[in-house]
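What follows is each chain in one-letter form.
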Amino acid sequence: MSLPAPTSEEDTRFLARCLELARAAAAADEVPVGALVVIDGVVVGEGRNRVEELRSPLAHAEMEALQQALARVSAKRLPTAVLYSSLEPCFLCAGAILHTRVRRVVFAARDPKFGAVRSLGNVLEDPRLNHRCVVVEGEGADASAELLRAFFRDKRGPGT
């Protein structure tokens, strides 16, 4: 697989929307992660973490965005799609990304505790699998990481 292209202006714009969705998740007392699915420059799915609201460990932002996109395009695969996320996808979401055949994944911050794309594994580019994605990371990483740090700092309480 060739090296992924650097982040484009379009990527920057869509990652900014992911950060808005992450802020909405934080305001709803959810881990602040937002995600979009984009096909041909059009957002066809968006999501934010809703684990607490739905009482489901499956209600990750990426899963919400993928489900919405699949419904919107009436398909079981998204071979031309780009998935954007404010945080590196976990193993659950990486599996769903592979099963839906997303072409490209762009994420902001790494997730050292659950990240399956760079931090703890390289699921999306594993040559043993029958599908691989182009992966781009880093744009907006500082803002996304700070939002997560602030969320968990507030959860732990003052002085921690």
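Everything here concerns the structure above.
Just so we're clear, the structure is a prediction, and the values are computed from it rather than from any experiment. Counting starts from 1 at the beginning of each chain's written sequence and moves along it residue by residue. A pLDDT threshold of at least 70 governs which residues receive local features in this predicted model, and a stricter bar of 80 or more applies before side-chain atom pairs are shown or counted, although totals over entire chains, interfaces and linings include all residues. Processing note: side-chain calculations cover all non-hydrogen atoms of the structure and skip hydrogens and water entirely.

### Details of the overall build of the protein
A tally of helices and strands in the protein yields 5 helices and 5 strands. Counted from the first residue to the last, the protein has its helices and strands arranged as α-β-β-α-α-β-α-β-β-α. Taken along its principal axes, the extent of the C-alpha atoms in the protein is 45 × 30 × 30 Å. Exposure categories follow from relative accessible area, calculated using a 1.4 Å probe and restricted to protein chains: below 20% of the type maximum is buried, above 50% is exposed, and the middle band is partly exposed. Across the 160 residues that make up the protein, the buried fraction comes to 47%. Only the protein chains shown count as covering a residue, and every accessible area follows the Shrake-Rupley method with a 1.4 Å probe. Total accessible area on the protein stands at roughly 8300 Å², and carbon and sulfur atoms take up 55% of it. We count a stretch as a helix when DSSP gives it H or I for four or more residues in a row; a strand needs E for two or more, and each element gets its number in order from the N terminus.

### Structural notes on helix α1 (residues 9-27)
Because each turn of an α-helix spans 3.6 residues, side chains separated by three or four positions end up pointing in the same direction. The span you would expect from a helix comes to 1.5 Å times its residue count less one. Its 19 residues place the ends of α1 27 Å apart at the C-alpha level, agreeing with the 27 Å of an ideal helix rising 1.5 Å per residue. Restricting attention to buried positions, one finds in α1 the residues Asp11, Phe14, Leu15, Cys18, Leu19, Leu21, Ala22 and Ala25. All buried residues of α1 project into a common sector of 165° when viewed along the axis, lining one side. Exposed residues pointing more than 90 degrees away from the buried face of α1 are listed as Glu9, Arg13 and Ala27. Contacts between residues were defined by any pair of non-hydrogen atoms, one from each residue, lying within 4.5 Å. The secondary structure elements touched by the buried residues of α1 are β1 (34-39), β2 (42-48), β3 (82-87), β4 (104-109) and α5 (141-156). A distance of 3.3 Å separates the backbone nitrogen of Glu10 from a side-chain oxygen at the start of α1, and that oxygen is part of Ser8. Two residues or fewer after α1 comes Asp29, characterised by a positive phi angle close to 65°. Comment: arc refers to directions from the helix axis out to C-beta atoms. Side-chain atoms alone can form a polar contact between residues adjacent in sequence; in general such a contact is a pair of N or O atoms within 3.5 Å, and within protein one must be able to donate a hydrogen while the other accepts it.

### Describing helix α4 (residues 91-99)
Along α4, the positions that sit buried rather than exposed are Cys93, Ala94, Ala96, Ile97 and Leu98. Elements that come into contact with the buried residues of α4 comprise α3 (61-73), β3 and β4. One or two positions beyond α4, positive phi appears at Arg101, with a value near 65°.

### Some remarks on unusual backbone geometry
Even without being glycine, Ser74 reaches a positive phi, approximately 50°. On the secondary structure map, Ser74 appears in the loop between α3 and β3. Although it is not a glycine, Arg101 adopts a positive phi angle of roughly 65°. Turning to its location among the elements, Arg101 is positioned in the loop between α4 and β4.

### Remarks on the packing of α3 against α4
Packing of α3 against α4 leaves a shortest axis separation of 9 Å and a crossing angle of 20°. Here α4 runs roughly parallel to α3, going by the angle between their axes. The interaxial crossing formed by α3 with α4 has left-handed handedness. Contact with α3, carried on its side by Glu62, Met63 and Leu66, involves Leu92, Cys93, Ala96 and Ile97 of α4 and no other residues of that element. Note that Gly is not counted as nonpolar here; it falls among the polar residues with everything else outside the nonpolar set of Ala, Val, Leu, Ile, Met, Phe, Trp, Tyr, Cys and Pro and the charged set of Asp, Glu, Lys and Arg. When the residues that make up the contact of α3 with α4 are grouped by side-chain class, the tally is 6 nonpolar, no polar and 1 charged. Orientation is described by lines fitted to C-alpha atoms, with helices fitted over the stretch in contact, and by angles between N-to-C directions that extend from 0 to 180 degrees. Throughout this description, any angle smaller than 35 degrees is read as roughly parallel, any larger than 145 degrees as roughly antiparallel, any in the 65 to 115 degree range as roughly perpendicular, and the remainder as oblique. For a crossing to be left-handed, the near helix must be turned anticlockwise from the far one by less than a right angle; the clockwise case is right-handed.

### Here we look at the pairing of β1
Counting buried positions along β1 gives 6 out of 6 residues, so the element sits mostly inside the fold. What you see with β1 is no split at all: Gly34, Leu36 and Val38 on one side and Ala35, Val37 and Ile39 on the other are buried throughout. Direction of pairing for β1 relative to β2: antiparallel, over a ladder of 6 bridges. Paired with Gly34 across the strands is Arg48, a residue of β2. Strand pairing is defined by DSSP finding a minimum of two bridges between the two strands. Between the antiparallel neighbours β1 and β2 lie 2 residues, among them Asp40 with a positive phi of about 50°. Examined bridge by bridge, β1 and β3 share 4 bridges and lie antiparallel to one another.

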